[in-house]
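Given next are the chains, with one letter for each unit.
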Amino acid sequence: MRLVSVAVLLVLAVGSARADDSSVPGFDRPGLGFSTDTVKPKGVAMEFGFPTYERAHDASGTSREVTSSVLLRTGLTEAMELQVQASPWNRRRVTAAGTAATTDQGRGDTAVSLKWAGPGSTETTSWALRASAVVDTGRSSFSDGRQYALAASIEHQLSDRWTSAFYASHQRSAGVHGSTWSPSVSLQATERLGIFVEAGYTAKSDAPHEVLAGAGVTWALTPRIQFDASFDAGLDEESPDLQAGLGLSVFLD
């Protein structure tokens with residue numbers, strides 16, 4: 001696929017480049033939250049998710065969805081970055097007892113965000129805010145319409161290897177609103193390998209709440225190239241059974 005080809009070319013280009021790695025920010029992938037780092041001016045981070053898989057089951061049947069995502073981050077100031085996220089390809093298959101399975105595919109919505117690393121952060125504790133607007137550019141079956149969200153992330157360094165984090169967000173669209181909270185703990189197991197566990201709770205005004213818990217790993221091929229794998233499992237009947245994904249993140253300057 002075109003998305004995979006672009007990702008491979010970026011890995012080859014970044015892997016062959018020699019540059020100072022001190023300015024490499026923390027990537028926002030993977031997990032429910034995002035890092036408190038921002039990309040500095042003239043820097044660019046590209047984060048790819050493919051595939052991301054979700055399975056959900058209820059009384060009406062079972063839905064299986066495979067999606068892709070591309071996140072572009074670039075610095076505006078030392079403390080603020082611009083983000084543009086797109087979902088160029090999605091596929092959903094729904095099966096129900098007594099009826100033929102249906103399949104739909106198409107692109108998803110586009111989100112534009114500003115991320116700000118707030119003042120007062122230290123080497124031990126840091127925080128950031130992200131304001132987002134989603135434009136309904138996707139196929140109707142993969143679009144939730146225009147949305148606005150404000151999110152915050154706080155990270156606290158427990159030791160040289162352990163970090164705790166808390167993420168919270170609030171979303172609004174056409175009179176509907178929802179909030180998400182997610183605590184997590186991560187371990188830098190080796191210089192290249194990172195491991196994290198997380199939980200998430202989402203409350204919506206027009207749908208049942210969702211409760212998830214999961215884990216993931218990151219592996220740094222170089223300081224500028226990171227691979228990731230993660231999953232979250234639903235903890236009640238109202239939540240998706242499984243969400244899982246693979247990803248690649250690269251930094252250019």
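Scroll up to find the structure this text is about.
For the structure given in this document, a descriptive report is provided here. Treat the numbers as computed from the prediction; the structure is a model and nothing was measured.

**Some remarks on the side chain of Glu47**
Part 1: Turning to its location among the elements, Glu47 is positioned in strand S1 (residues 44-58).
Part 2: For Glu47, the side chain forms a polar contact with the main-chain nitrogen of Asp28, separated by 3.1 Å.
Part 3: Filtering out sequence-adjacent residues up to four positions away, Glu47 remains in contact with Phe27, Asp28, Arg29, Ser69, Val70, Leu71, Arg73, Leu248 and Ser249.

**Observations concerning the layout of surface pockets**
A water-sized probe rolled over the atoms picks out the places where empty space is left.
Part 1: Here the second largest pocket defines a volume of roughly 1,300 Å³.
Part 2: Surrounding the second largest pocket, 49 residues form its lining, Gly26, Phe27, Ser186, Gln188 and Gln226 being those nearest its centre.
Part 3: Elements supplying a minimum of two residues to the lining of the second largest pocket: strand S7 (125-135), strand S8 (147-157), strand S9 (162-173), strand S10 (176-188), strand S11 (193-204), strand S12 (210-222) and strand S13 (225-234).
Part 4: Taken together, the residues that form the lining of the second largest pocket break down as 18 nonpolar, 21 polar and 10 charged.

**Comments concerning the packing of aromatic side chains**
Part 1: By the definition in use, this model includes 5 aromatic pairs.
Part 2: Where Phe50 meets Trp89, the ring centres are 6.3 Å apart and the plane angle is 65°; that geometry is what we call edge-to-face. Separated by 39 residues along the polypeptide, Phe50 in strand S1 and Trp89 in the loop between strand S3 (80-86) and strand S4 (90-95) bring together distant segments of the chain.
Part 3: Assessed through its relative accessible area of 26%, Phe50 is described here as partly exposed.
Part 4: On the accessibility criterion, Trp89 (25% relative accessible area) is partly exposed.

**Things to note about a nonpolar patch on the surface**
Part 1: Together, Ile154, Phe166, Trp181 and Tyr201 make up an exposed nonpolar region whose accessible area comes to about 370 Å².
Part 2: Assessed through its relative accessible area of 37%, Trp181 is described here as partly exposed.

**Topic: the pairing of strand S5 (residues 102-106)**
Part 1: Pairing between S4 and S5: 5 bridges, direction antiparallel. Considered in S5, the bridge of Val94 is made with Thr102.
Part 2: Hairpin geometry of S4 and S5 is characterised by an intervening segment of 6 residues between the two adjacent antiparallel strands and by a positive phi of about 85° at Gly98.

Conventions and cut-offs
- Just so you know, the residues in each chain are numbered from 1, in the order the chain's sequence is written.
- Local features in a predicted model are, by the rule used here, given only for residues with pLDDT of at least 70; side-chain atom pairs are given and counted only at 80 or more, and totals for whole chains, interfaces and linings are based on all residues.
- The side-chain figures draw on all heavy atoms in the structure; neither hydrogens nor water molecules are used.
- Runs of E in the DSSP output that reach at least two residues are strands. Runs of H or I that reach at least four are helices, and both are numbered from the N terminus.
- N or O atoms within 3.5 Å of each other form a polar contact, as long as, within protein, one can give a hydrogen and the other can take it, and as long as residues adjacent in sequence are counted only when both atoms are side-chain atoms.
- Two residues form a contact once any of their heavy atoms are found within 4.5 Å.
- Of the grid points, spaced at 1 Å and generated over the protein atoms alone, those admitting a 1.4 Å probe that cannot get out make up cavities, while open sets with protein on both sides within 12 Å along at least five of seven lines make up pockets; any residue with an atom within 4 Å of a point is treated as lining.
- Grid points are joined across faces, edges and corners, and a volume is the space filled by probe spheres set on the points.
- Amino acids are sorted into nonpolar (Ala, Val, Leu, Ile, Met, Phe, Trp, Tyr, Cys and Pro), charged (Asp, Glu, Lys and Arg) and polar (every other residue, Gly among them).
- Aromatic pairs are defined between Phe, Tyr and Trp rings, using the six-membered ring for Trp, whenever the two ring centres lie within 6.5 Å; interplanar angles under 30 degrees are classed as stacked, those over 60 as edge-to-face, and all others as tilted.
- Here the term buried applies to any residue with accessible area under 20% of the maximum for its type, exposed to any over 50%, and partly exposed to those in between, with areas from a 1.4 Å probe on protein chains only.
- Each patch is assembled from residues with relative accessible area greater than 30% and no salt bridge, linking like charges that lie within 9 Å and nonpolar side chains (Val, Leu, Ile, Met, Phe, Trp, Tyr) that lie within 5 Å.
- Computed with a 1.4 Å probe, the accessible areas rest on the Shrake-Rupley method; for each residue, only the protein chains presented here act as cover.
- Put simply, a salt bridge is a Lys or Arg side-chain nitrogen that is within 4 Å of an Asp or Glu carboxyl oxygen.
- Should DSSP find at least two bridges between two strands, the strands are regarded as paired.

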